[in-house]
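Residue-level listing of the chains:
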Amino acid sequence: MLNCKQFTDLASDHLDAQHHSWKRIDIRLHLMICRHCRRFNRHLERSRRTAAVLAHTLWQTDQRSSEHIFSKIHLPAKTPDDQ
Amino acid sequence: MSQFINDPKFIARLQSGDNSAFKSLISAYHSKLLIIARAIAGDVFAEDVTQEAWASIYKAIAKFEGRSSLSTWMIQIVSNEAKSRLRREKRHSSYGDIDEVVQSVDPDNFNSSGHWSNPPSHWDINTPELMLQEDQLRQCIEHTLTVLPENQKAVFLLRDVEQIALSEIAETLIISEANVRVLLHRARLRLMATINHYQETGEC
């Protein structure tokens, strides 16, 4: 039977469903009887969801920098037919 | 995470050579590709590698067949550019394998039998939607995201933002799958600790 310390070490893998069935059962049994670990599990899941939304917008580039990056791409030279 | 870049109409614009669509793509993905390049090739080469990746993406976009999402396809391109830069420079991955000791919750929170002596506290702001409405908390999380070590940042980005499988992340970043899991655990615990601290004190 898992204790709480062991559960917290496995919690991230648990979110990613990375455990074999026997370990999953062990974790579920522990979560059934331990409200503190249920809370820990909830906090971890909500933290990652919140941070993922923020990361998506935080890790964007402003328009001016994007123009600059685009200008450094070597575009194919236009042929007379394109003119 | 749903994004405009996976909209077929947007992809059609890119493939027809619409440069303003391509600039929007750069705007949405340059920082993300840079994080991946940095995690593979290190800070010195990352800018260069990402710029080369954009040139490759621009040249190849017409041939993108949609077998994976556009973001996964771009991530693959920047990863390949970074790996070939490492080979050219005859260097190994800047991070390599990390120690697999799992960063855990402060052991002082548990008694000698491993049960909580200081259990997690109740969060007043307890849904992602409510947390996102709290300006100061957003700033705290953004700060933590910014100061995460580069390899944790890359793994968090690939798994929790881009939702890529752990095995694919390992291949992309040339680290073992076990290391991906350790890095992810560390990143998530650190982000949770930031939120927890804010919930308890109202400060970062």
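Since this is a predicted model, take the numbers as computed values, not measurements.

A.B. asks: Is there a simple way to explain the overall build of chain A in this structure?
C.D. replies: Check the secondary structure of chain A and you find 4 helices and 0 strands. Reading chain A from its N terminus to its C terminus gives the helix and strand order α-α-α-α. Residue burial in chain A is summarised as follows: out of 83 residues, 27% are buried.

A.B. asks: Just checking my understanding: could you explain the interface of chain B and chain A for this structure?
C.D. replies: One widely used convention gives an interface's size as the accessible area the parts lose upon coming together. Of the residues lining the interface, 46 residues belong to chain B; the matching set on chain A comes to 38 residues. Elements with a contribution of two residues or more to the side of chain B that touches chain A: helix H2 (19-41), helix H3 (43-60), helix H5 (128-133), helix H6 (135-147), helix H7 (150-161) and helix H9 (177-201) of chain B. By residue number, the principal contributor to the side of chain B that touches chain A is H2 of chain B, which donates 9 residues. Taken together, the residues of the side of chain B that touches chain A break down into 28 nonpolar, 11 polar and 7 charged.

A.B. asks: Just checking my understanding: could you explain the nonpolar core for this structure?
C.D. replies: Side chains that are nonpolar tend, in soluble globular proteins, to be buried together. Counting 64 residues, the largest nonpolar core has Ala-55 of chain A together with Ile-36, Ala-37, Val-78 and Val-155 of chain B as its most contacted members. Sorting elements by how many residues they give to this core places H2 of chain B first, with 11 residues. Those residues within four positions of Ala-55 of chain A in sequence are excluded, and the remaining contacts are Leu-145, Phe-156, Leu-157 and Val-161 of chain B.

A.B. asks: Got a minute to help me understand H3 of chain B in this structure?
C.D. replies: For an α-helix, 3.6 residues make a turn, and residues three or four places apart therefore share a direction. A rise of 1.5 Å per residue sets the reference length of H3 of chain B, with its 18 residues, at 26 Å; its end C-alpha atoms lie 26 Å apart and thus fit the reference within 8%. Turning to H3 of chain B, its buried residues number three or more, namely Phe-45, Ala-46, Val-49, Thr-50, Ala-53, Trp-54, Ile-57 and Tyr-58 of chain B.

A.B. asks: Can you walk me through unusual backbone geometry in this structure?
C.D. replies: Note: most peptide bonds trans; most residues except glycine with negative phi. Residues and elements named next belong to chain B. Phi angles above zero are rare outside glycine, and Gln-163 is one such case at about 55 degrees. Considering the arrangement of structural elements, one finds Gln-163 in the loop between H7 and helix H8 (166-173). Here Ile-174, not a glycine, exhibits a phi torsion of approximately 45 degrees, which is positive. Tracing the chain through its elements places Ile-174 in the loop between H8 and H9.

A.B. asks: Looking at this model, I keep getting lost on the confidence of the model for chain A. Mind explaining?
C.D. replies: Low pLDDT means the predicted coordinates in that region are not meant to be read closely. For chain A, the mean per-residue pLDDT works out to 90, and 88% of the residues sit at or above 70. When mean pLDDT is taken per element in chain A, helix H3 (residues 35-58) of chain A scores highest with 97 and helix H2 (residues 21-33) of chain A scores lowest with 93.

A.B. asks: It is not clear to me how H8 of chain B should be interpreted in this structure. Could you clarify?
C.D. replies: Residues and elements named next belong to chain B. Looking only at H8, the buried set comprises Ile-169, Thr-172 and Leu-173. Taken around the axis of H8, the buried residues stretch over an arc of 80 degrees, which confines them to a single face. Close packing links the buried residues of H8 with H2, helix H4 (70-88), H7 and H9. Positive phi appears at Ile-174, one or two residues downstream of H8, with a value of about 45 degrees.

Definitions and limits used
Residues numbered from 1 in each chain as written. Chains lettered and ligands numbered in written order. Predicted model: local features only at pLDDT ≥ 70, side-chain atom pairs only at ≥ 80, totals over all residues. Helix = DSSP H or I, 4+ residues; strand = E, 2+ residues; numbered from the N terminus. Buried ≥ 20, exposed ≤ 12 C-beta atoms within 10 Å, placed from the backbone. Contact = placed C-beta atoms within 7 Å. Nonpolar A, V, L, I, M, F, W, Y, C, P; charged D, E, K, R; others polar. Core = buried A, V, L, I, M, F, W, Y, C linked by C-beta atoms within 7 Å. Expected span 1.5 Å × (residues − 1). pLDDT = per-residue confidence, 0-100. Arc of directions from axis to C-beta.

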